[in-house]
Amino acid sequence: MPLDQPTAVVTDDAILSGARAVFAAEGFETATFAGLAASAGLSEADLAARFPDKRALFTAVLVGLEKALDAHCRAASSDPAGRPMAMFIAGCRAALEFGGRRDFARIVMIEGPVVLGEEAWIDIDHGLGLPTLRQALRNISPAAAESAVRPMAVMIMGALNELMLALARGERGVDIDASLVELERLLRAWAAR
């Protein structure tokens, strides 16, 4: 998009898409505000009118990726028979596939905690993921007490996050299918208590 294009026609989605590509390719430290503006076809002043600095834009990109992950997992969590375990595993498969994307791995998993600080990153990551996991676990085991559901949700979220990183790195001996077999075995034992 040419730089003389009126900024009104440049949507936030276009800005975030361009910024996501830049952050994924260059990383937060290397990316420049000028380069981020250029990726959206904007001047630095026009970009700054929407996102005051590089960190604000990075945060918006990260939140967008987290929301896309959550929506992707919810959409994938289906089972024609309505079986909660099958729905949960389908959602986890979707999470691992999405989490293996280079842009997600680098921006959300690797740089997110550093750029935003661990506490802010956890607030965003857990704010979207934990409620979804907790509800899915309640569906699997409706009689489970909250004192059992919350720690299991935190453990699964941690496991999924680590698996996403391992898959993004191409770590040998780690694959989605084998990981989900182990997760389902663990969940069935947990639900049977």
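Residues numbered from 1 in each chain as written. Predicted model: local features only at pLDDT ≥ 70, side-chain atom pairs only at ≥ 80, totals over all residues. Heavy atoms only, no water.

Now for helix 4 (residues 54-76). Here helix 4 contains 23 residues, and its C-alpha end-to-end distance of 33 Å stays within 8% of the 33 Å for a straight helix at 1.5 Å per residue. Looking only at helix 4, the buried set comprises Lys54, Leu57, Phe58, Val61, Leu62, Leu65, Glu66, Leu69, Asp70 and Cys73. (Helix = DSSP H or I, 4+ residues; strand = E, 2+ residues; numbered from the N terminus. Expected span 1.5 Å × (residues − 1). Buried < 20%, exposed > 50% of the residue type's maximum accessible area, 1.4 Å probe, protein only.)

So, on to the packing of helix 5 (residues 84-99) against helix 7 (residues 118-140). In the contact formed by helix 5 and helix 7, the axes pass within 8 Å of each other and the chain directions differ by 155°. In this view, helix 5 runs roughly antiparallel relative to helix 7, as classed from their interaxial angle. Once helix 5 is placed against helix 7, the crossing between them reads as left-handed. Seen from helix 5, the contacting residues are Pro84, Met85 and Phe88; seen from helix 7, they are Leu133, Ala136, Leu137, Asn139 and Ile140. Its residues assigned to classes, the contact of helix 5 with helix 7 shows seven nonpolar, one polar and no charged. (Axes fitted to C-alpha atoms, helices over the stretch in contact; angles between N-to-C directions. Parallel < 35°, antiparallel > 145°, perpendicular 65-115°, else oblique. Left-handed = near helix turned anticlockwise from the far one by under 90°. Contact = heavy atoms within 4.5 Å. Nonpolar A, V, L, I, M, F, W, Y, C, P; charged D, E, K, R; others polar.)

Here the focus is the nonpolar core. Counting 57 residues, the largest nonpolar core has Phe23, Leu47, Leu57, Phe88, Leu137, Ile156 and Leu187 as its most contacted members. For this core, the secondary-structure elements that each account for two or more residues are helix 1 (12-26), helix 2 (33-40), helix 4, helix 5, helix 6 (102-116), helix 7, helix 8 (146-169) and helix 9 (176-191). Among all residues touching leucine 47, those that are not within four sequence positions of it are Ile15, Phe33, Leu36, Ala37, Leu42 and Leu57. (Core = buried A, V, L, I, M, F, W, Y, C linked by side-chain atoms within 4.5 Å.)

Our next topic: helix 2. Among the residues of helix 2, Phe33, Leu36, Ala37 and Ala40 are the ones counted as buried. Seen along its axis, helix 2 keeps its buried residues to an arc of 100°; they face one direction. Of the surrounding secondary structure, the elements contacted by the buried residues of helix 2 are helix 1, helix 3 (44-50) and helix 4. Following helix 2 by one or two positions, glycine 41 has its phi on the positive side, about 75°. (Arc of directions from axis to C-beta.)

This part is about the side chain of aspartate 103. Among the secondary structure elements, aspartate 103 is positioned in helix 6. A relative accessible area of 13% means that aspartate 103 is categorised as buried. A polar contact of 2.7 Å, which involves the side chain of aspartate 103, links it to the side chain of arginine 101. Excluding its chain neighbours within four sequence positions, the residues that come into contact with aspartate 103 are Arg20, Ala24, Leu65 and Val108. (Polar contact = N/O pair within 3.5 Å; in protein donor to acceptor, adjacent residues only side chain to side chain.)

Attention shifts here to the pattern of salt bridges. The full count for this structure, using the stated rule, is eleven salt bridges. A salt bridge links aspartate 177 to arginine 93, with the shortest nitrogen-to-oxygen separation between them at 2.8 Å. Highlighted residues: aspartate 177 in helix 9 and arginine 93 in helix 5, separated in sequence by 84 residues. Note on arginine 93: relative accessible area 30%, which makes it partly exposed. Through salt bridges that share partners, Arg20, Arg101 and Asp103 make up one connected network. (Salt bridge = Lys/Arg side-chain N within 4 Å of Asp/Glu carboxyl O.)

The subject of this paragraph is the environment of alanine 148. With respect to the helices and strands, the residue alanine 148 is situated in helix 8. Not counting residues within four places of it along the chain, the set of residues in contact with alanine 148 comprises Trp190 and Arg193.

The next thing to look at is the packing of helix 1 against helix 4. The contact between helix 1 and helix 4 brings their axes to 9 Å, and the two run at 100°. The angle between helix 1 and helix 4 falls in the class roughly perpendicular. Residue-level inspection shows Ile15, Leu16, Ala19, Arg20 and Phe23 of helix 1 in contact with helix 4, the latter providing Lys54, Leu57, Phe58, Ala60, Val61 and Leu65. Considering only residue class, the contact of helix 1 with helix 4 consists of nine nonpolar, no polar and two charged.

Quick look at the environment of leucine 16 now. The topology assignment puts leucine 16 in helix 1. Once the C-alpha coordinates of leucine 16 and leucine 160 are considered, the two residues, 144 residues apart in sequence, prove to be 25 Å apart. Ignoring anything within four residues of it in the chain, the contact list for leucine 16 reads Phe51, Leu57, Ala60 and Val61.

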